[in-house]
Amino acid sequence: MTMRIGDLARATGVSPRLLRYYEEQGLLTSHRAGGGHRRYDDDAPVVVGHIRALLAAGLPTNVIREVLPCVEGPGPELEHCAAPTLQEQLRRLDGKISTLQNSRAALADLLTASAAAEQM
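Residues numbered from 1 in each chain as written. Predicted model: local features only at pLDDT ≥ 70, side-chain atom pairs only at ≥ 80, totals over all residues. Heavy atoms only, no water.

Now for the overall build of the protein. For the protein, the helix and strand inventory stands at five helices and five strands. Overall, the protein shows an N-to-C arrangement of helices and strands of β-α-α-β-β-α-α-β-β-α. In terms of C-alpha radius of gyration, the protein reaches 21 Å, well past the compact-globule figure of 14 Å for 120 residues. By its C-alpha atoms, the protein is 80 × 30 × 20 Å across when sized along the principal axes. When each of the 120 residues of the protein is scored for burial, the buried share is 23%. (Helix = DSSP H or I, 4+ residues; strand = E, 2+ residues; numbered from the N terminus. Rg over C-alpha atoms; globule rule 2.2 N^0.38 Å. Buried < 20%, exposed > 50% of the residue type's maximum accessible area, 1.4 Å probe, protein only.)

Right under this line is the structure:
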C-alpha cells in the first residue's frame, strides 16, 4: 500500500511543498503512479518524523542525508554509523557557541565602556 502526498502531509503535519523539498534534497523517496502523481511507501511518515527530529537538532539537510540510513525506529534511534558525523556536528556547534560567547562578551565590554565614558 502507498500513500499520496496529501495523505502524507496530513499524517505528518508537514506541507506538501516541504515534502517535495525533502525529496529534492534526497531525504525522502517517492514513486510515480499513473498521471505522474507521487506515491510514498507506508514507512514514509516514520521517515518524515526522523527528518524532522534531525532538523530540530540543527542538522543541515546534507548531513541528514548522510545519517538517515543510520536511523531506525519511531524514536528515532541512531545506529553507531551516525556517531562520527554527529560528533563532528557537535564539535562545530560547540565552536559556533564559543564564537558567539566571545562576541557577546566583546559587545558587552563595548557597551560598558560606552556607558562609563558618558558618565564622565
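In terms of nonpolar packing, the biggest core is built from 22 residues, with L8, L19, Y22, L28 and Y40 touching the most fellow members. At four residues, helix α3 (residues 44-56) tops the list of elements feeding residues into this core. The residues touching L28, leaving out its near neighbours within four places in the chain, are L8, L19, Y22, E23, Y40, A44, V47, V48 and I51. (Core = buried A, V, L, I, M, F, W, Y, C linked by side-chain atoms within 4.5 Å. Contact = heavy atoms within 4.5 Å.)

So, on to α3. For α3, which comprises 13 residues, the first-to-last C-alpha distance of 18 Å matches the rise-based estimate of 18 Å (1.5 Å per residue) to within 8%. Every buried residue of α3 is accounted for by A44, V48, H50, I51 and L54. One face of α3 carries all of its buried residues, which in axial projection span an arc of 155°. The inward-facing, buried residues of α3 abut α1 (5-12), α2 (16-24), β3 (38-41), α4 (61-67) and β4 (71-72). (Expected span 1.5 Å × (residues − 1). Arc of directions from axis to C-beta.)

Once that is clear, we can look at the packing of aromatic side chains. This structure, assessed with the given rule, holds one aromatic pair. Ring centres of Y21 and Y22 lie 6.5 Å apart, and the angle between their planes is 55°; on these two criteria the pair is classed as tilted. Residue Y21 is classed as partly exposed on the basis of its relative accessible area of 34%. (Phe/Tyr/Trp six-rings, centres within 6.5 Å; stacked < 30°, edge-to-face > 60°.)

As a further point, take the packing of α2 against α3. Viewed as axis vectors pointing N to C, α2 and α3 meet at an angle of 85°, and their least axial separation amounts to 12 Å. Comparing the axis directions of α2 and α3 gives the class roughly perpendicular. For the pair α2 and α3, the contacting residues are L18, L19 and Y22 in the first and V48, I51, R52 and L55 in the second. When the residues that make up the contact of α2 with α3 are grouped by side-chain class, the tally is six nonpolar, no polar and one charged. (Axes fitted to C-alpha atoms, helices over the stretch in contact; angles between N-to-C directions. Parallel < 35°, antiparallel > 145°, perpendicular 65-115°, else oblique. Nonpolar A, V, L, I, M, F, W, Y, C, P; charged D, E, K, R; others polar.)

It is worth spelling out the sheet that holds strand β1 (residues 2-4) at this point. Strand order in the open sheet made by the three strands is β1-β3-β2, with antiparallel pairing throughout. The strands lining the two open edges of the sheet, one partner per strand, are β1 and β2 (31-32). Relative to β3, β2 is paired through two bridges, and the arrangement is antiparallel. Of the residues in β3, the one forming a bridge with H31 is R39. (Pairing = 2+ DSSP bridges.)

Here we come to the state of the cysteines. Counted under the stated rule, the structure contains one disulfide. Linked covalently through their sulfurs, C70 and C81 form a disulfide whose S-S length is 1.9 Å. Because the torsion about its S-S bond is -140°, the bridge between C70 and C81 counts as left-handed. Note that C70 is positioned in the loop between α4 and β4 and C81 in the loop between β5 (77-78) and α5 (83-119), a separation of eleven residues in sequence. (Disulfide = S-S within 2.5 Å.)

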